[in-house]
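Descriptive structure summary
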Number of protein chains: 2
Amino acid sequence: MNPTVGIVGGGQIGKMITQAASRLNLSVVVLDPTPNCPAAKAGATQIQADFKNPDALRDLASKCDVLTYEIELGDTQTLREIESSGKKVYPSSDCLKIIQDKGTQKQFLADHKIPVPEFAAVHSADEIKSVTAKIGFPSLLKLRRDTYDGRGSFTFRNPRELSDLLNAHTLNGSLSKDDYMLERFVPFTKEISVMIARNAQGKTVHFPVVENIHKDHILVSTLAPARISPKLAAKACAIARKAVEKLKGVGIFGVEMFLDKKGGILINEIAPRPHNSGHYTIEACTHSQFEIHLRAILGLPLIEPRLLSPAVLINILGTRNFEGPSRVKGLEQALSVPGASVHIYGKEGSRVKRKLGHATVLDKTLAGAMAKAEKIRKCLEVVPA
Amino acid sequence: MNPTVGIVGGGQIGKMITQAASRLNLSVVVLDPTPNCPAAKAGATQIQADFKNPDALRDLASKCDVLTYEIELGDTQTLREIESSGKKVYPSSDCLKIIQDKGTQKQFLADHKIPVPEFAAVHSADEIKSVTAKIGFPSLLKLRRDTYDGRGSFTFRNPRELSDLLNAHTLNGSLSKDDYMLERFVPFTKEISVMIARNAQGKTVHFPVVENIHKDHILVSTLAPARISPKLAAKACAIARKAVEKLKGVGIFGVEMFLDKKGGILINEIAPRPHNSGHYTIEACTHSQFEIHLRAILGLPLIEPRLLSPAVLINILGTRNFEGPSRVKGLEQALSVPGASVHIYGKEGSRVKRKLGHATVLDKTLAGAMAKAEKIRKCLEVVPA
């Protein structure tokens, strides 16, 4: 009777989708290579196989009524075949194909007159040098596909750093292929993001615009709401909404943007799924991003969520010190902070910068939530189990 | 490394405890006779056996670090034996033994000078008549044990209704035993309740006082916060806290109270567990009653939760029309109400007044939430699957 949701990936996002589905007594099946993945621990049925295994994807499709994903690494060829068989895949394989290649994504946005940083596809060291000569320093060389959390993204601030990068062994093999793009570094004043959900009928709703603080390309804090004017927030929402509409996206999308010194807004990147910067919605909004994603892909009523309280999210990340089985030290201290909720994802092992959990702190003021969040960050530590 | 929580019962309360535990990556094992009970669907491991099966209780105890329950029908004898073996049982078997007999519970509260309605244990028809002559009409004859949601509670408003009741077949067999108590009906102006949590160190915290609307002894709505003065709310909290302290309760307790015409507060009943009137806390408070219960029984920091928004909870109940596999009709309409969250418990079959789900509506005002809740109630209907 109730629809079953299939998810490619059963990590923390799959887990939180499963938890939202569980409230409505919806069944969830996930495809994930890790035995007893986080989503499975929260009640999802797991197909244990690689995300890109075509047979496993088909098996997943056969077991669900609608297919979605928590990672953008999907095999769009097989997803398209699944769509052709009549199964709903949201966001669609067409949409995923555009998004999963950062170069194609940027070109798509530029073609639709949606503001993005200056960029160019590059195929050789010479091309990188000539494009850089045009767009200037600092710039970034980015892997276009199969990357997340800043992996495969290299910043260079001057010709010397560019030379070093080009000499580095890692790039040598792939520069002749369609693997890299070059992007001008935006001297942003803030990084902001907004979660936009859209259903198959084209209705969109959005969460509040939030402010993100990254370190080494990985999200360390999200402040909700962003400390920007209502006018600027409305402008950011309009840009993000236009992008999702042009993509004909169905489901929830995390749209990351840069705010530049002149009040301009440029889209940095779009995630076709619930997004780390939206995890705070579980505690701080009338509806979570996970529930709204389910509503969008299942054709259930899409309604505008409302922020109930200022909130700050911090990530709990694996450290440089070790890899392997881990535990979070200082949990008791973190839980002693009023308004703090801690999520531990239940991943088996830690590695550098791996997202192992997060904490969301609510407070009557954003400044209060920020102070509490820093207190929590200081007491939490990932240590060997 | 992480503690495992054992729960006697895997219905909706067990499910919502499991969901709260899942956030912290705590494992849960439940004892429940129904195959694939709601808590199991949310990721708990299930031992399928009767709640009172001593071997199953021992098995549950052996698989967890702390034992708790979602129903007060537990076998206190076996629980005491489990405590003696060194396993933590919260609330304790002593506390449960007092609470699970409504007569003992009332006497305990009266002995500690905590206000309760007039009552008396009764063992014969003659005793019922003589006590009623003393305390007056209307009164209630109540089964003292193994009852919930108003089952085994009979109101009589005059001598004729009392005669009819005494002639009724259902009472004949048990009147000579210690099974019934008589209680004066309180002409209340409001029914209120408050969730109090207490840890093993004796620290207590409380949720806001809420207002309950019952129909045929079953909760149909909870309004948060109660429409009473802050002074009266503080008085209700103080009474409820005193009761939990005297019981040496560890865990969360739902304390139901009557507010009489003179501003007096009388305790009606105490539940030694998360309570239906506290389900709204999932969406409306900084922390849910389920998380706070876990914190209390696991010795994690107990902090005072805060109401983020006025909220109204309504129950989704089985109807008189049928028993058996069911589904909730009108879910889409309910989900179209802004601020409404719906929980479907995933019980296999419906029966009269069975709790199959609930909805919580948040709104900027309580009046707004009440209006929305009535709209939702009208569109939801339990129908055959």
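In case you missed it, the structure is sitting above this.
The following refers to the structure shown. (Residues numbered from 1 in each chain as written. Chains lettered and ligands numbered in written order. Predicted model: local features only at pLDDT ≥ 70, side-chain atom pairs only at ≥ 80, totals over all residues. Heavy atoms only, no water.)

Before going further, it helps to examine the overall build of chain A. Broken down by element type, chain A carries 14 helices and 21 strands. Relative to the globule expectation of 21 Å for 385 residues, the C-alpha radius of gyration of chain A, 20 Å, shows essentially globular dimensions. Per-residue burial over chain A gives 62% buried out of 385 residues. Here the contacts in chain A between residues at least 6 apart in sequence split such that 63% fall between residues at least 24 apart. When the accessible surface of chain A is split by element, carbon and sulfur atoms take 51% of a total near 14900 Å². Charge centroids of chain A, computed over 52 positive and 39 negative side chains, lie 5 Å from each other. (Helix = DSSP H or I, 4+ residues; strand = E, 2+ residues; numbered from the N terminus. Rg over C-alpha atoms; globule rule 2.2 N^0.38 Å. Buried < 20%, exposed > 50% of the residue type's maximum accessible area, 1.4 Å probe, protein only. Contact = heavy atoms within 4.5 Å. Areas by Shrake-Rupley, 256 points an atom, 1.4 Å probe, with all protein chains shown as cover. Lys, Arg positive; Asp, Glu negative; His and termini not counted. Charge placed at Lys NZ, Arg CZ, Asp CG, Glu CD.)

Each partner contributes to the interface: chain B provides 41 residues, whereas chain A provides 40 residues. Our count for the chain B to chain A interface comes out at two salt bridges. Two residues, A:Arg23 and B:Glu283, come together in a salt bridge whose shortest N-O distance is 3.0 Å. Counting every contact that joins chain B to chain A gives 14 residue pairs in polar contact (both at pLDDT 80 or more). (Salt bridge = Lys/Arg side-chain N within 4 Å of Asp/Glu carboxyl O. Polar contact = N/O pair within 3.5 Å; in protein donor to acceptor, adjacent residues only side chain to side chain.)

A full pass over the atoms with the stated rule returns six aromatic pairs over all chains. Where B:Phe185 meets B:Phe188, the ring centres are 6.1 Å apart and the plane angle is 50 degrees; that geometry is what we call tilted. Grouping aromatic residues by their ring pairs yields a cluster made of A:Phe185, A:Phe188 and A:Phe258. (Phe/Tyr/Trp six-rings, centres within 6.5 Å; stacked < 30°, edge-to-face > 60°.)

Right, let's talk about the pattern of salt bridges for a bit. Residue and element names in this part refer to chain A. On inspection of all chains with the given rule, the structure shows 44 salt bridges over all chains. For Glu-381, the salt bridge is made with Lys-329, and the minimal N-O distance between the two is 3.9 Å. Remark: Lys-329 occurs in strand β17 (residues 324–329) and Glu-381 occurs in strand β21 (residues 381–384); sequence separation between them is 52 residues. Since its relative accessible area comes to 38%, Glu-381 is described here as partly exposed. When salt bridges with common partners are traced through the structure, they connect Asp-101, Arg-144, Arg-145 and Asp-179 into a single cluster.

Attention now moves to the sheet that holds strand β7 (residues 139–143) of chain B. All names here are of chain B. The strand order across the open sheet built from four strands is β6-β9-β7-β8, with neighbouring strands paired in antiparallel fashion. In the strand order of this sheet, the two ends are held by β6 (119–122) and β8 (153–156), each with one partner. Neighbour-to-neighbour, the strand axes of the sheet open up by a mean angle of 20 degrees, direction not taken into account. Two elements, β7 and strand β9 (residues 180–184), share five bridges in a ladder whose sense is antiparallel. Counted as the bridge partner of Leu-141 is Leu-182 from β9. Against the sheet, helix α7 (residues 125–135) makes contact with β6, β7, β8 and β9, and its axis sits at roughly 15 degrees relative to β9, the strand it touches most. The strands touched by helix α8 (residues 159–167) within the sheet are β7 and β8, with β8 carrying the most contacts at an inclination of about 145 degrees. (Pairing = 2+ DSSP bridges. Axes fitted to C-alpha atoms, helices over the stretch in contact; angles between N-to-C directions.)

So, about the side chain of B:Glu269. All names here are of chain B. Tracing the chain through its elements places Glu-269 in strand β15 (residues 265–271). A polar side-chain atom of Glu-269 sits 3.2 Å from a polar atom in the side chain of Lys-102. Aside from chain neighbours lying at most four places away, what touches Glu-269 is Lys-102, Gln-105, Lys-142, Gly-254, Val-255 and Glu-256.

With that settled, the discussion passes to the relation of the copies chain B and chain A. With an axial shift of 0.0 Å and an RMSD of 0.0 Å, the rotation relating chain B to chain A amounts to 180 degrees. When the rotation and shift are considered jointly, the pair of chain copies conforms to a two-fold rotation axis. Taking C-alpha positions as reference, the residue of chain B nearest the rotation axis is B:Gly43, located at 2.0 Å. Take the interface residues of chain B: 98% of them recur as interface residues in chain A, which is what a same-surface contact looks like. (Least-squares fit on C-alpha atoms with pLDDT ≥ 70 in both.)

A separate point is the side chain of A:Thr204. Residues and elements named next belong to chain A. Of note, Thr-204 is situated in strand β11 (residues 204–206). Within the structure, the side chain of Thr-204 is placed 2.7 Å from the side chain of Arg-241, a separation counted as a polar contact. Those residues in contact with Thr-204 that sit more than four places away from it in its chain are Ile-196, Ala-197, Arg-198, Arg-241 and Glu-245.

By secondary structure assignment, the location of B:Cys37 is in the loop between β2 (27–31) and α2 (38–41). Counting along the chain gives 267 residues from B:Cys37 to B:Glu304, while the straight-line C-alpha distance between them is 31 Å.

Let us now look at the sheet that holds strand β6 (residues 119–122) of chain A. Residue and element names in this part refer to chain A. With antiparallel pairing, the four strands of this open sheet are ordered in space as β6-β9-β7-β8. Each end of this open sheet is capped by a strand with a single partner; those strands are β6 and β8 (153–156). Neighbour to neighbour, the strand axes of the sheet diverge by 20 degrees on average, direction disregarded. Of the strands in this sheet, β6, β7 (139–143), β8 and β9 (180–184) touch helix α7 (residues 125–135), which is tilted by about 15 degrees from β9.

Further remarks concern empty space enclosed by the protein. Scanning all chains against the criterion turns up two cavities of 30 Å³ or more. Around the largest cavity, the lining is made up of 32 residues, and of these A:Arg23, A:Ile282, A:Glu283, B:Arg23 and B:Ile282 lie nearest the centre. For the lining of the largest cavity, the elements supplying multiple residues, two or more each, are α1 (12–23), α11 (281–284), α12 (289–298) and β18 (340–344) of chain A together with α1 (12–23), α11 (281–284), α12 (289–298) and β18 (340–344) of chain B. The residue makeup of the lining of the largest cavity, split by class, is 16 nonpolar, 10 polar and six charged. Taken as a whole, the second largest cavity spans an internal volume of roughly 30 Å³. (1 Å grid on protein atoms, 1.4 Å probe; cavity = no way out; pocket = protein on both sides within 12 Å on 5 of 7 lines; lining within 4 Å. Points joined across faces, edges and corners; volume = space filled by probe spheres on them. Nonpolar A, V, L, I, M, F, W, Y, C, P; charged D, E, K, R; others polar.)

The next subject is the state of the cysteines. Residues and elements named next belong to chain A. Inspection of the entire model under this criterion finds zero disulfides over all chains. As a non-bridged cysteine, Cys-237 has Cys-285 as the owner of its nearest cysteine sulfur, 12 Å distant. The exposure class assigned to Cys-237 is buried, which follows from its relative accessible area of 7%. (Disulfide = S-S within 2.5 Å.)

The omega torsion of the bond from A:Phe137 to A:Pro138 falls at -15 degrees, within 30 degrees of zero and hence cis. The topology assignment puts A:Pro138 in the loop between α7 and β7. At A:Lys248, a position not held by glycine, the phi torsion is positive, near 50 degrees. Along the chain, A:Lys248 falls in the loop between α10 (230–246) and β14 (251–260). Phi at B:Lys353 takes a positive value of approximately 65 degrees, unusual for a residue other than glycine. Looking at B:Lys353, the relative accessible area reads 25%, which means it is partly exposed.

With that settled, the discussion passes to helix α8 (residues 159–167) of chain A. Residues and elements named next belong to chain A. Those residues of α8 that fall on the buried side of the exposure criterion are Leu-162, Leu-165 and Leu-166. Taken down its axis, α8 places every buried residue within 95 degrees of arc, on the same side. Facing away from the buried side of α8, by more than 90 degrees, are the exposed residues Arg-160 and Asn-167. (Arc of directions from axis to C-beta.)

The subject of this paragraph is the environment of B:Leu141. All names here are of chain B. Relative to the assigned elements, Leu-141 resides in strand β7. Judged by its relative accessible area of 0%, Leu-141 is buried. The spatial distance from the C-alpha of Leu-141 to the C-alpha of Thr-155 is 6.4 Å, given a sequence separation of 14 residues.

Let's shift gears to helix α4 (residues 76–84) of chain A. Owing to its 3.6 residues per turn, the α-helix brings residues three or four apart onto one side. All names here are of chain A. Those residues of α4 not exposed but buried are Thr-76, Thr-78, Leu-79 and Ile-82. Each buried residue of α4 sits inside an arc of 160 degrees when the element is viewed along its axis, so together they form one side. Summarising the geometry of α4, the exposed residues directed more than 90 degrees from the buried face are Gln-77 and Ser-84. Those residues of α4 hidden inside the fold are in contact with α3 (54–62), β4 (66–69), β5 (88–89) and α5 (93–100). Backbone nitrogen of Gln-77 and a side-chain oxygen of the N-cap are separated by 3.0 Å at the start of α4; the cap is Asp-75. Looking one or two residues past α4, Gly-86 carries a phi angle of roughly 105 degrees, positive in sign.

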